[in-house]
Amino acid sequence: MLSRRSRVTLLLGLLVPLACGGETAQRGSKQGPSKQAVEAKGEVKGEVKVAPKDEVVEEYAWVLPRGMKAPAVPEDNPMTAAKVKLGHQLFFDKRLSVDGTRSCYSCHQNELGNADGRARALGPGDKLLPRNSPTIWNVAYHAESYWDGRAKGLEKQMIGAWKGGNMGVGEPGLAAKATEIGGLPEYREQFTAVFGAVPVTPELVAKAVSAYERTLLCGDTPWDSSTMSPEAQRGWELFRGKAACATCHSGDNFADGLYHKTGVGVPESGEGGDLGRFDASKADADKYKFRTPTLRNVGKTAPYFHDGSEPDLKAAVKTMAAGGNRKIKDLDSQLLDRSLSEAEIDDLVAFLRSLDCPGSLAVIGDQTVAGITPGTSAPAEAKPAEAKKSG
């Protein structure tokens, strides 16, 4: 066991070291950045976070992708090597779920683009959830989680997924489940080493899992290394120019962190259906708006959009290039029909595939789940049951 004053350098051995892109097109810019901005190579050390007095103090060294800053880390959940190791184990532990059938990884599998390959997520008891599972890569850079942004920070997202439809434990069962997990022989000493001799609460479990998730950084793609094909290069020019994709898909993570109404999934009547951001904000102006997803690994995470309504990447690109669902009123003003040719659509798709992540999560244990089959792009939907929010 580590002493309280041990200083550990963690080189993220839990997953394949990754490198991510540098400066991408800025919001509203038609020119976009120069690719020279991502020429520099090498490791970047993140600043050391000091843990509260009741936690083990360890030095944590980020091995960062080129051109990227260390993810923001909450002051009350500093990164430590032991905490990341604990969170890694918990992320893959099916015993966290209400019936022991699925782990956090169940919806974020390597073979399925670190999503689940389904139109909509599937919870314990084969309950079909309302929304599509997004990729787990680069979640550290999202200030708000879920498609409607109802959870601010990874810790709250973890609690939400744990008690909600994804893991099915329920609010009343969280404390007992945390006590159960913390009492297991393989976890008892680890929790004490990381958090001190205190009861294991849902919040401590969420802190450990979130620390691990912050290490899941995507990069080392053809875009990052300037080794794109001619088709992808043409797509990159369209992306930051004529197609104006970079207006919303901006920054290193290709996402502006905002919410937009694209008309996808909106009933033609303009009433009912999934209200998106409104569920969290309760503001009428937010009805049918959804968070801009990252484009990192987008080539591997079919089907697309919050409802999984587009089966493949080309279909999704066509929808957005046409300005969203033009049958719906009051779409985001930045959505316009860009009048792209088939050849231009193909070039955009080639560029987006240049953002695929080559790394993978280090899997622990048997992670097969009925209805979520690794290696298939779109498993058959289960029979719908009672639905709870998923993403």
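**Here's the deal with the side chain of glutamate 310**
Piece 1. With respect to the element layout, glutamate 310 can be found in the loop between β6 (290–291) and α8 (313–321).
Piece 2. One buried charged side chain, glutamate 310, makes no salt bridge at all; its nearest oppositely charged neighbour is lysine 318, positioned 9.7 Å away.
Piece 3. Aside from chain neighbours lying at most four places away, what touches glutamate 310 is Pro303, Tyr304, Phe305, Ala315, Ala316 and Thr319.

**Some words on the layout of surface pockets**
Piece 1. If you add up the space inside the largest pocket, you get close to 370 Å³.
Piece 2. In terms of lining residues, the largest pocket is bounded by 20 residues, among which Pro74, Gly153, Leu154, Glu155 and Arg214 are the most central.
Piece 3. Listed by contribution, the elements that provide at least two residues to the lining of the largest pocket are α2 (154–163) and α5 (202–213).
Piece 4. For the lining of the largest pocket, the leading source of residues is α2, giving 6 residues.
Piece 5. Per-class residue counts for the lining of the largest pocket are 9 nonpolar, 3 polar and 8 charged.

**Some points on helix α1 (residues 81–91)**
Piece 1. Summarising burial for α1: 9 of the 11 residues are buried, a large majority.
Piece 2. Taken together, the buried positions of α1 are Ala81, Ala82, Lys83, Val84, Leu86, Gly87, His88, Leu90 and Phe91.
Piece 3. Those residues of α1 that are buried lie in contact with α3 (174–182), α4 (185–195) and α5.

**Quick look at the confidence of the model for the protein chain**
Piece 1. Here the protein chain averages 84 in pLDDT, and 80% of its residues register 70 or above.
Piece 2. This model gives residues 1–56 a pLDDT under 50, and the stretch forms 154 contacts once residues within four places in sequence are excluded.
Piece 3. Contacts from residues 375–390, a stretch scored under 50 in pLDDT, to residues over four places away or in other chains number 49 contacts.

**Comments concerning the pattern of salt bridges**
Piece 1. If you walk through the whole model with that rule in mind, you get 20 salt bridges.
Piece 2. Linking lysine 177 and glutamate 180 is a salt bridge whose minimum nitrogen-to-oxygen distance equals 3.5 Å. Of the two residues, lysine 177 and glutamate 180 both sit in helix α3, 3 residues apart, roughly one turn of that helix.
Piece 3. Judged by its relative accessible area of 11%, lysine 177 is buried.
Piece 4. Given the relative accessible area of 40%, glutamate 180 is considered partly exposed.
Piece 5. Ionic pairing is found between lysine 314 and glutamate 342, a salt bridge with its closest N-O pair at 3.2 Å. Of this pair, lysine 314 sits in helix α8 while glutamate 342 sits in helix α9 (residues 342–353), and the two are 28 residues apart along the sequence.
Piece 6. What makes lysine 314 partly exposed here is its relative accessible area of 28%.

**Considerations on unusual backbone geometry**
Piece 1. The linkage connecting alanine 302 with the following residue, proline 303, adopts the cis geometry, with an omega of -5 degrees.
Piece 2. Tracing the backbone through its elements, the reader meets proline 303 in the loop between β6 and α8.
Piece 3. With phi around 60 degrees, asparagine 138 is a residue other than glycine that occupies positive phi space.
Piece 4. Looking at the secondary structure, you find asparagine 138 in the loop between β2 (127–128) and β3 (144–145).
Piece 5. The class of asparagine 138 is buried, set by a relative accessible area of 0%.
Piece 6. You will see that serine 226, though not glycine, has its phi angle at about 55 degrees, which is positive.
Piece 7. Assignment of secondary structure puts serine 226 in the loop between α5 and α6 (230–239).
Piece 8. Of the residues examined, serine 226 reaches a relative accessible area of 36% and is grouped as partly exposed.

**Observations concerning the nonpolar core**
Piece 1. In this structure, Leu90, Phe91, Trp162, Phe191, Val205 and Leu361 are the most contacted members of the largest nonpolar core, which totals 44 residues.
Piece 2. Listing elements by their share of this core, those giving two or more residues are α1, α2, α3, α4 and α5.
Piece 3. Here this core takes 7 residues from α5, the largest share from any one element.
Piece 4. Aside from chain neighbours lying at most four places away, what touches leucine 90 is Leu96, Ile181, Tyr187, Phe191, Val205, Ala208 and Val209.
Piece 5. Among the nonpolar cores identified, the runner-up in size contains 26 residues, and Trp236, Ala246, Val264 and Phe351 belong to it.

**A few points about the environment of glycine 160**
Piece 1. Here glycine 160 shows up in helix α2.
Piece 2. Looking at glycine 160, the relative accessible area reads 22%, which means it is partly exposed.

**Describing the state of the cysteines**
Piece 1. Within the structure shown, the criterion is met by 1 disulfide.
Piece 2. What pairs with cysteine 218 in a disulfide is cysteine 357, and their sulfur atoms sit 1.9 Å apart. Every disulfide takes its handedness from the sign of the S-S torsion; for cysteine 218 and cysteine 357 that torsion is -95 degrees, giving left-handed. One end of the pair, cysteine 218, is in the loop between α5 and α6; the other, cysteine 357, is in the segment after α9, with 139 residues separating them in the sequence. Take cysteine 218 and cysteine 357: they sit in the same class, and that class is buried.
Piece 3. Left without a disulfide partner, cysteine 107 is nearest to the cysteine sulfur of cysteine 104, which lies 9.0 Å away.
Piece 4. Unpaired in terms of disulfides, cysteine 245 finds its nearest cysteine sulfur in cysteine 248, a separation of 9.2 Å.
Piece 5. On the accessibility criterion, cysteine 245 (21% relative accessible area) is partly exposed.

**Some remarks on the packing of aromatic side chains**
Piece 1. All told, the structure shown has 13 aromatic pairs when counted by the stated rule.
Piece 2. Seen from their ring centres, phenylalanine 92 and tyrosine 105 are 4.8 Å apart, and the 35 degrees between their planes marks the pair as tilted. Residue phenylalanine 92 is located in the loop between α1 and β1 (122–123), and its partner tyrosine 105 is located in the loop between α1 and β1; the two are separated by 13 residues in the primary sequence.
Piece 3. Given a relative accessible area of 4%, phenylalanine 92 falls into the buried group.
Piece 4. Measuring from ring centre to ring centre gives 5.4 Å for tryptophan 223 and phenylalanine 254, while their planes differ by 80 degrees; the resulting arrangement is edge-to-face. Of the two residues, tryptophan 223 sits in the loop between α5 and α6 while phenylalanine 254 sits in the loop between α6 and β5 (259–260), which places them 31 residues apart along the sequence.
Piece 5. On the basis of relative accessible area, tryptophan 223 is assigned to the buried category, the value being 0%.
Piece 6. For phenylalanine 254, a relative accessible area of 0% corresponds to the buried category.
Piece 7. Through a chain of ring-to-ring contacts, the aromatic side chains of Trp223, Trp236, Phe239, Phe254 and Phe351 assemble into a single cluster.
Piece 8. In this structure, arginine 150 is placed above the aromatic ring of tyrosine 146, and the distance from its NZ or CZ to the ring centre is 3.7 Å.

About the thresholds
Residues numbered from 1 in each chain as written. Predicted model: local features only at pLDDT ≥ 70, side-chain atom pairs only at ≥ 80, totals over all residues. Heavy atoms only, no water. Helix = DSSP H or I, 4+ residues; strand = E, 2+ residues; numbered from the N terminus. Buried < 20%, exposed > 50% of the residue type's maximum accessible area, 1.4 Å probe, protein only. Lys, Arg positive; Asp, Glu negative; His and termini not counted. Salt bridge = Lys/Arg side-chain N within 4 Å of Asp/Glu carboxyl O. Contact = heavy atoms within 4.5 Å. 1 Å grid on protein atoms, 1.4 Å probe; cavity = no way out; pocket = protein on both sides within 12 Å on 5 of 7 lines; lining within 4 Å. Points joined across faces, edges and corners; volume = space filled by probe spheres on them. Nonpolar A, V, L, I, M, F, W, Y, C, P; charged D, E, K, R; others polar. pLDDT = per-residue confidence, 0-100. Core = buried A, V, L, I, M, F, W, Y, C linked by side-chain atoms within 4.5 Å. Disulfide = S-S within 2.5 Å. Phe/Tyr/Trp six-rings, centres within 6.5 Å; stacked < 30°, edge-to-face > 60°. Lys NZ or Arg CZ within 6 Å of the ring centre and 35° of its normal.

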